[in-house]
Amino acid sequence: MAALGWLTPRRRSATARSVLAGEASAEAARKSSQDVVPQEEPEFPVLGDDKAAAFFDLDNTVMQGAALFHFGRGLYKRKFFETRDLARFAWQQAWFRLAGVEDPEHMQEARDSALSIVKGHRVAELQSIGEEIYDEYMAERIWPGTRALAQAHLDAGQKVWLVTAAPVEIATVIARRLGLTGALGTVAESVDGVYTGKLVGEPLHGPAKAEAVRALAAAEGLDLSRCAAYSDSHNDIPMLSLVGHPYAINPDTKLRKHARNLDWRLRDYRTGRKAAKVGIPAAAGVGAVAGGTAAAIAISRRRR
């Protein structure tokens, strides 16, 4: 070997065994340097980590637009309300898609309309309709990139929940269709299986999401420092701050700034560009509508 040319009798003697050892060491080092692939971070999610889980916001994080508005389209098709209501839903949805956040007045109107629309309907009826509406309007609006992130957690053996202000019934349908563990969402009141037009408590929004995640983690025996959370909204900063691996997806302006300041990972699927270098973070009806309606309330407060 040329590298060992200096080992000559003139400078010092070397036994055959020492020469062999030197050559073997040099060869191993050369191969090692060629085979090593630099990695900036350990593999994540960690395979088999049963103390870790993932929590995903729904609107504009997992799905383009707001679930409640898509649900409203399905209800209109089934004659639950008038054309003028559909026009309002369409305008609110268009605004949300363009601005990336909900207008409080729009969401308050949507909430009130949804609650009045579902009042008197059976929970089972709207749950069944929710399944149909998912196929008609929601399935094609799932962000493939976010779906892949959720699947990575599932493949690692971890549980994955949607956490949303949308009606729990709608959220549950979507979670089941995506093969996720389940969903946390806003609950609409029902008596004997019929919606009353009221909410149970408050919408699952902002700090309430963080409390729901905290409670679920305690019940499931999870270590939140090993969990991940994903959202597009600055209103979900309490939930994102609760976990060890926060992830900003399609972030609004406030969340993008906050994420950059704290070095959180970012990804924007709205334009196909990355907001920052990412991958998976490293480390460690109102019946369906009940929710719908309910969710509306939830959503109405979501980004204030």
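Residues numbered from 1 in each chain as written. Predicted model: local features only at pLDDT ≥ 70, side-chain atom pairs only at ≥ 80, totals over all residues. Heavy atoms only, no water.

Regarding its fold elements, the chain presents eleven helices and eight strands. Here the chain holds 304 residues, and 51% of them are scored as buried. Total accessible area on the chain stands at roughly 14300 Å², and carbon and sulfur atoms take up 53% of it. (Helix = DSSP H or I, 4+ residues; strand = E, 2+ residues; numbered from the N terminus. Buried < 20%, exposed > 50% of the residue type's maximum accessible area, 1.4 Å probe, protein only. Areas by Shrake-Rupley, 256 points an atom, 1.4 Å probe, with all protein chains shown as cover.)

This part takes up the packing of aromatic side chains. Two aromatic rings are characterised by how far apart their centres lie and by the angle between their planes. Scanning the model with the defined rule gives three aromatic pairs in all. Taken together, a centroid distance of 4.1 Å and an interplanar angle of 5° make the contact between Phe56 and Tyr230 stacked. In this pair, Phe56 is assigned in strand β1 (residues 53–56) and Tyr230 in strand β6 (residues 228–231), connecting sequence segments 174 residues apart. For the residue pair Phe56 and Tyr230, the accessibility class agrees, reading buried in each case. (Phe/Tyr/Trp six-rings, centres within 6.5 Å; stacked < 30°, edge-to-face > 60°.)

Turning our attention to the nonpolar core. Grouped together as the largest cluster of nonpolar side chains are 42 residues, with contacts concentrated most on Phe56, Leu75, Met138, Leu162, Ile174 and Tyr230. Sort the elements by how many residues they give to this core and helix α5 (residues 123–138) lands first, with seven residues. Within the second largest apolar cluster, 25 residues are counted, among which are Val213, Ile237, Leu240 and Val243. (Core = buried A, V, L, I, M, F, W, Y, C linked by side-chain atoms within 4.5 Å.)

This part is about empty space enclosed by the protein. Approximately 40 Å³ is the volume attributed to the largest cavity. Taken together, Phe56, Val62, Thr146, Arg147, Ala150, Leu162, Leu178 and Leu180 form the lining of the largest cavity. Ranked by the residues each element gives to the lining of the largest cavity, the list is headed by helix α6 (residues 144–155), at three residues. A breakdown of the residues in the lining of the largest cavity according to their chemical character gives six nonpolar, one polar and one charged. (1 Å grid on protein atoms, 1.4 Å probe; cavity = no way out; pocket = protein on both sides within 12 Å on 5 of 7 lines; lining within 4 Å. Points joined across faces, edges and corners; volume = space filled by probe spheres on them. Nonpolar A, V, L, I, M, F, W, Y, C, P; charged D, E, K, R; others polar.)

Its identity as a non-glycine residue notwithstanding, Asn250 has a phi of 50°, on the positive side. Mapped onto the elements of the fold, Asn250 is located in the loop between β7 (245–249) and α10 (253–261). Taking relative accessible area as the criterion, Asn250 reaches 1% and is therefore assigned buried. Residue Asp263 is not a glycine yet carries a positive backbone phi of 60°. Take Asp263: it is sitting in the loop between α10 and β8 (265–267). For Asp263, a relative accessible area of 67% gives the class exposed.

With parallel pairing, six strands are arranged side by side in an open sheet as β3-β2-β1-β6-β7-β8. Whereas interior strands pair on both sides, the edge strands pair on one side only; in this sheet they are β3 (182–186) and β8. Strand-to-strand twist across the sheet, computed as the mean angle between neighbouring axes with direction ignored, equals 20°. In the sheet, β6 pairs with β7 via four bridges, with the strands oriented parallel. When the sheet's bridge partners are listed, Ala228 is paired in β7 with His245. (Pairing = 2+ DSSP bridges. Axes fitted to C-alpha atoms, helices over the stretch in contact; angles between N-to-C directions.)

Its place among the elements puts Gly130 in helix α5. By relative accessible area, Gly130 is classed as buried at 6%. The spatial distance from the C-alpha of Gly130 to the C-alpha of Glu169 is 7.9 Å, given a sequence separation of 39 residues.

The pairing of strand β4 (residues 188–191) with strand β5 (residues 194–199) spans three bridges and is classified as antiparallel. From the neighbouring strand, Val191 faces β5, where its bridge partner is Val194. Hairpin connection from β4 to β5: two residues lie between these consecutive antiparallel strands, with Asp192 at a positive phi of about 55°.

All right, on to the packing of helix α2 (residues 67–77) against α5 then. Taken N-terminus to C-terminus, the directions of α2 and α5 make an angle of 105°; their axes are 9 Å apart at the nearest point. As far as their axial angle goes, α5 and α2 are roughly perpendicular. Residues Ala67, His70, Phe71, Arg73, Gly74, Leu75 and Lys77 of α2 form the contact with α5, whose own contacting residues are Leu126, Ile129, Gly130, Ile133, Glu136, Tyr137 and Met138. (Parallel < 35°, antiparallel > 145°, perpendicular 65-115°, else oblique. Contact = heavy atoms within 4.5 Å.)

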